[in-house]
Structures are given as structure tokens and as C-alpha cells.
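# Survey of secondary and tertiary structure
Single-letter residue listing:
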Amino acid sequence: MNGESGPADRHAIVCRGLRHAFGDKVAVDGVDLDVAEGEIFGLLGPNGAGKTTTIRLITTLLPARPGMVEVFGLDVARHRMAVRRAIGYLPQQLSADAALTGRENVGLFARLFDVPRRQRGERVEEVLAAVGLADAAERRAQTYSGGMIRRLELAQALVSAPRLLILDEPTIGLDPVARDGVWERIQEVRRATGMTVLVTTHYMDEADQHCGRIALMHRGRVQALGTPSELKSGLEPGATLEEVFRAYTGDRLDEPGDGFRDARRTRRTAGRLG
Amino acid sequence: MCIVELQKMRHDRTELYTRAIQPALWLLIFGETFSRIRAIPTGKVPYLDYLAPGILAQSALFIAIFYGIQIIWERDAGVLAKLLVTPTPRAALVTGKAFAAGVRSLAQAVAILVLSALLGVALTLNPLRWLGVVVIVMLGTAFFSCLSMTIAGLAMSRDRLMGIGQAITMPLFFGSNALYPVGLMPGWLQAISHVNPLSYEVDALRNLLIGTPGHLPLDLGVLVVAAIAGIAAASALLGRLVR
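What counts, and at which threshold
- Residues numbered from 1 in each chain as written.
- Chains lettered and ligands numbered in written order.
- Predicted model: local features only at pLDDT ≥ 70, side-chain atom pairs only at ≥ 80, totals over all residues.
- Helix = DSSP H or I, 4+ residues; strand = E, 2+ residues; numbered from the N terminus.
- Rg over C-alpha atoms; globule rule 2.2 N^0.38 Å.
- Buried ≥ 20, exposed ≤ 12 C-beta atoms within 10 Å, placed from the backbone.
- Contact = placed C-beta atoms within 7 Å.
- Pairing = 2+ DSSP bridges.
- UniProt positions renumbered as here; feature names shortened; annotations may be inferred.
- Expected span 1.5 Å × (residues − 1).
- pLDDT = per-residue confidence, 0-100.
- Nonpolar A, V, L, I, M, F, W, Y, C, P; charged D, E, K, R; others polar.
- Axes fitted to C-alpha atoms, helices over the stretch in contact; angles between N-to-C directions.
- Parallel < 35°, antiparallel > 145°, perpendicular 65-115°, else oblique.
- Left-handed = near helix turned anticlockwise from the far one by under 90°.
- Core = buried A, V, L, I, M, F, W, Y, C linked by C-beta atoms within 7 Å.
- Arc of directions from axis to C-beta.

### A word on the overall build of chain B
When you go through chain B residue by residue, the secondary structure sums to 11 helices and 0 strands. Overall, chain B shows an N-to-C arrangement of helices and strands of α-α-α-α-α-α-α-α-α-α-α. Computed over the C-alpha atoms, the radius of gyration of chain B is 18 Å, within 12% of the 18 Å expected from 2.2 N^0.38 for a compact globule of 243 residues. The principal-axis extent of the C-alpha atoms belonging to chain B is close to 55 × 40 × 30 Å. When burial is assessed residue by residue, chain B has 45% of its 243 residues classed as buried. For chain B, the share of sequence-separated contacts (at least 6 apart) that also reach a separation of at least 24 residues comes to 79%.

### Things to note about the overall build of chain A
Along chain A, the regular secondary structure elements total 10 helices and 10 strands. The buried share among the 274 residues of chain A stands at 49%.

### Concerning the sheet that holds strand β1 (residues 11-22) of chain A
Residues and elements named next belong to chain A. Taking strand neighbours across the sheet as the criterion, the 4 strands line up as β2-β1-β4-β5 in an open arrangement whose pairing is antiparallel. Each having just a single partner strand, β2 (25-36) and β5 (74-75) make up the two edges of the open sheet. Sheet topology places β1 next to strand β4 (residues 69-71); 3 bridges connect them, and they run antiparallel. Bridge pairing in β4 places Val14 opposite Glu70.

### Section: the UniProt feature "domain: ABC transporter" (unreviewed entry) in chain A
Taking the UniProt record as the reference, the feature "domain: ABC transporter" (unreviewed entry) is found at residues 13-244 of chain A. With 39% helix and 25% strand, residues 13-244 of chain A has end C-alpha atoms that lie 25 Å from one another.

### Here we look at helix α4 (residues 117-130) of chain A
Residues and elements named next belong to chain A. Counted at 1.5 Å a residue, the expected span for α4 with its 14 residues is 20 Å, and the 20 Å between its end C-alpha atoms agrees. Buried residues of α4: Arg123, Val124, Val127 and Leu128, and no others. On its buried face, α4 is in contact with α3 (102-112) and α5 (146-158). Looking one or two residues beyond α4, the residue adopting positive phi is Gly132, at roughly 75°.

### Brief notes about the confidence of the model for chain B
Interpretation of the predicted coordinates at a detailed level should be avoided for regions scoring low in pLDDT. All names here are of chain B. In this model, chain B carries a mean pLDDT of 88, and residues with pLDDT of at least 70 account for 93%. Looking at the elements of chain B, mean pLDDT is at its lowest for helix α1 (residues 2-11), recorded as 62, and at its highest for helix α11 (residues 216-238), recorded as 95. For this predicted complex, the interface confidence reaches an ipTM of 0.81, while the overall pTM sits at 0.83.

### Notes on the interface of chain A and chain B
Every contact between the two is made by 23 residues of chain A and, on the other side, 18 residues of chain B. Only α2 (80-86), β6 (87-90) and α3 of chain A provide two or more residues apiece to the side of chain A that touches chain B. Per-element accounting of the side of chain A that touches chain B gives the leading share, 4 residues, to α3 of chain A. Of the residues belonging to the side of chain A that touches chain B, the class tally is 13 nonpolar, 5 polar and 5 charged.

### Comments concerning the environment of Gly30 of chain A
Residue and element names in this part refer to chain A. Here Gly30 lies in strand β2. Along the chain, Gly30 and His210 lie 180 residues apart, while their C-alpha atoms are 26 Å from each other. Beyond its immediate stretch of four places on either side in the chain, Gly30 contacts Gly17, Arg19 and Arg221.

### Topic: unusual backbone geometry
Even without being glycine, Thr60 of chain A reaches a positive phi, approximately 75°. Note on placement: Thr60 of chain A falls in the loop between α1 (51-58) and β4.

### Digging into the packing of α3 of chain A against α5 of chain A
Residue and element names in this part refer to chain A. The contact between α3 and α5 brings their axes to 8 Å, and the two run at 30°. With respect to each other, α3 and α5 are oriented roughly parallel. In the crossing of α3 with α5, the sense of the turn from one axis to the other is right-handed. Listed contacts from α5 to Gly102, Asn105, Val106 and Phe109 of α3 are Leu152, Ala155 and Gln156. For the contact of α3 with α5, the per-class residue count stands at 4 nonpolar, 3 polar and no charged.

### Concerning the nonpolar core
Residues Ala155 of chain A together with Cys146 of chain B are the most contacted members of the largest nonpolar core, which totals 144 residues. Apart from residues lying up to four places away in sequence, Cys146 of chain B is in contact with Val94, Ala98, Ala227, Gly230, Ile231, Ala233 and Ala234 of chain B.

### A short note on the confidence of the model for chain A
Residue and element names in this part refer to chain A. Within chain A, residue pLDDT values average 86, and 88% of them lie at 70 or more. Here residues 1-9 scores under 50 on pLDDT; set against residues more than four positions off or in separate chains, the count is 8 contacts. Low pLDDT, under 50, characterises residues 253-259; the stretch is placed with 11 contacts to residues that sit more than four places away or in other chains.

### Observations regarding helix α9 (residues 241-249) of chain A
All names here are of chain A. Within α9, burial applies to Leu241, Val244, Phe245 and Thr249. Buried residues along α9 cover an arc of 110° about the axis, so they all sit on one side. Looking at the buried side of α9, the elements it contacts are β3 (40-44), α7 (204-210), β9 (213-218) and α8 (228-235). Two residues or fewer after α9 comes Gly250, characterised by a positive phi angle close to 85°.

### Notes on the sheet that holds strand β8 (residues 196-201) of chain A
All names here are of chain A. The mixed open sheet is built from 6 strands, whose spatial order is β6-β7-β8-β3-β9-β10. Each end of this open sheet is capped by a strand with a single partner; those strands are β6 and β10 (221-226). Within this sheet the neighbouring strands show an average axis-to-axis angle of 15°, counted without direction. Relative to strand β7 (residues 164-168), β6 runs parallel, the two sharing 4 bridges. The partner of Gly88 across the bridge, within β7, is Leu165. Set on the sheet, α1 makes contact with β3, β7, β8 and β9; between it and β7 the angle comes to about 150°. Contacts from α5 reach β6 and β7, with the element oriented near 160° to β6.

In C-alpha cells:
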């Protein structure tokens, strides 16, 4: 993919014919995506549409074949370590360690990302302040509210100063105030650093408000792609993003089949948030 | 990883206390009873002295063999995915976890050794030997926790790991020299004992702690090789868990 696509090096992510199957169930079936550097790109779709699988291919958690995904011009299949260095990743589940304090949680990831020892302390304090947790840094994460845990995880993902932040359902199970809080922090950091953000979400209003461009996924494929207003005006004047979503995916938000595992995981996350 | 484990232990000490109960019961009830009936010939060494290093190794085994459950829990919680997206190599993650389990075992070893001393077991006073005990316990726990993580990578679920763990714990324990000399065993069990790293761990601990004749270089060699093999196997399978 070098050579013929010159603009690719200004892209944070380039997917070509991205495909992955679990056994004989094809989860991602030929996805083409270009995410430009510095944009907030939303991946929308019903449960089981292939969003999380796409993310796991980009983050090297699932093996991609050469030529399928490039992150900042690096083929994910060949340069896994370099790609991991460039990425901050926030999984769908609540994954902060409840038994550790906020500072310890972030410090662990500073070490895992080999932030140089001398900068480590400073860097940890910086990101804790950036997500508004400086005052709570000494408390254990189990005393945090759902929104605070999410922001703590955001700090973990940001501590390595990633060029690409990948968020899988970052606001799932949060109340509207906490959701806004998480998004505000993401926006602030992006404005300050120019990092690229790839996000999946179920919340249409969030996608509408925060994403520069959106890809609608369904049955492992990208069904529609564009800015929120392009997508809305493409359907009919005055349409909401929710209506666009329904038009492309059918009426039901839930797919039969693999939905259970997905729903269970989502519910567990929501349950732990209380 | 080790540091994290220490941080957690500092925050929550209840686990340390509750985990010390089982080996204490082994020493007190099993040890005292069998000392009295003298059913197991251990030469000039009192049975309780003979038993104490065995119980130390056993408690480390019990901590380690279910360590994989933590990995599966971390998989379910999304933590493992987050760890695997960092540039830290798999082998380093596994080694960290293995030695974190070792740290836990050491904390428990302290409890067991204090109790042993109270019961009158003649433990060594040589600091170099104590250092050797630390190394052996760490290596033994590292191997068995890697074994557990390897099984986790194959079994993929908590229930299956629990089942397999329980199925292999007792053969590992009874098929070793932890409770009785290998010479007392039937031939087939002796064979098991000779390929069982736990036997080498116990042999080394007994040699270091109460000065029975042992094969320290061989024991150390076996444990180092076993731990390295365990780390290699577990890190090769770690990625499977998040697919």
C-alpha cells in the first residue's frame, strides 16, 4: 500500500478490505476506512455489527493480514510494537484496578508504556489533572463514581501521549452529566495535542455532537460514511441521526445471534457503574 | 507488576491472614498427629521439621495454581486487552505476574515459618540460606503460576480452569516428597515424583531450612528451567485469551 496511496501518510488509520471471522461467523467483512489525522471518527452500528472486532484488529489484539490495516503508515501486521506505542486504548469494560489508587492505576500504565522514569511522575500528575482527578488521586478507585472511573481510564490511555486514541463505548452506562464530563476531557486533550480519536458508540446524540465523521456499520460492513450533517441530509431534510441509523440497519437495534454475549458484557459494565 | 501486587497487599491484608489458615491447620493437626504416631520414617529428623518445608511448598503451590483465574478475570474485565495493547512484551507481562504470585507466596511463607518456629521446628539461622529459600519459593511459585496461566490460555474459562486446577493440585501435592520420603512410594508414584517440580522445590527448601541432605544445584537447575519453560508457554498463549 505504499507508493500508490500518497495521502496515506497523513492518515491515522487506513483499512483496506478488512476482514475477520470467528470460526465460520464473519464478524468484519471487507471494511474500507480512512481516518484522517486529528479528526474524531465515530464507528456506529447495532450490537454485533463488527465495531469492536474492527477495533481489535486495528489495536493488534486480533491478527490482521498484511495490507489490511495501516496506522500512521505502519502496517499493523508487520509493526505491531510500533503501532502499540502510538495507540491509547480504552476498552468497553470498566478496567481500572479498583484495589489501587488513581495515581497507582495511571503509574502502572506509565511503566507499561516505558515512559522514561524521570518524566513519569510529572506525566502521571499531568494526565490526572487533565481528566480532573488530581484531588482524588490518592483514593482507591473503588471509591470512585462511574464517571470518575471512566476518566481515570482515560488518564491511563493518555499517559503515553498517544497519537491515536481508540475508545470502545467510552460513555456506556454513564449518566448524562458524567457522559459530558468524559467528552469534554477528550475534546480538551485533542485540542491541545492534535491526537486522532476513533470511537464507537451507541449514543446517536453523542456521535452527532462530537464526531467529525461517522461510519455506520452493519453486518460487518460500512453501510454509510460521512459527516453527521451529510448523513442526515442524505436521507431527507430534517432527519435525525437516529433515523439515518434505522434506515441503514433496519428497525431493530439488536441483531439476533451473537447479541447475548455483547449485551451481557454491556450490562455488566453498566451494572458495575451502578 | 510486582510493585502492583505489593501495592495491593498493602491496601488489603485480609487475604494474607485467611490464606495462612490452611497451612497452619496442616502443620498443627496433620503434623502434630503424625509426629505422635511416628508412621512416617524420616530418620533422625522429627516429623514436624520434615513436614514444615513441605507445607511451605504446598502453600506456594496452592497460591500459584489458581493464579490463572486472575488472568481470566482480567480478560473479562478488559484489563488484559489494555495490557496487550501496550508495547510491553508478553513475556515481560507474564514474568511480572509470575513473580507477583511469588511475592504473595513469600508473604505467606513468613507466616508459615513463624508458626513452625513456634512449634519448635529447628530452622536455620544462616542468612544466606534464608536468601536461598526466597529464591526457591519465588521460582517454584513462578513455575506453577505460569502453569496455571498456560492452562488458562487453553481452557479459556474460569470454570474449566477451576476444574483442571483442582484435578492436578492433589496429584502434584501427594505425588511429591512434601509429606513423606519418596522411598516410601510405590514405583509408579516415584516416577511421578521425579518429574514433579514440587519435589525439587521441597528438596531444596528442606535442605536449606533444616539441613537435610539434598541436591541443591540440581533442584535449582530444574526450577529455573521449569520457570523459563512456563513463562515461554504462558506468554505464547496469552494472546489467545483476548481473541
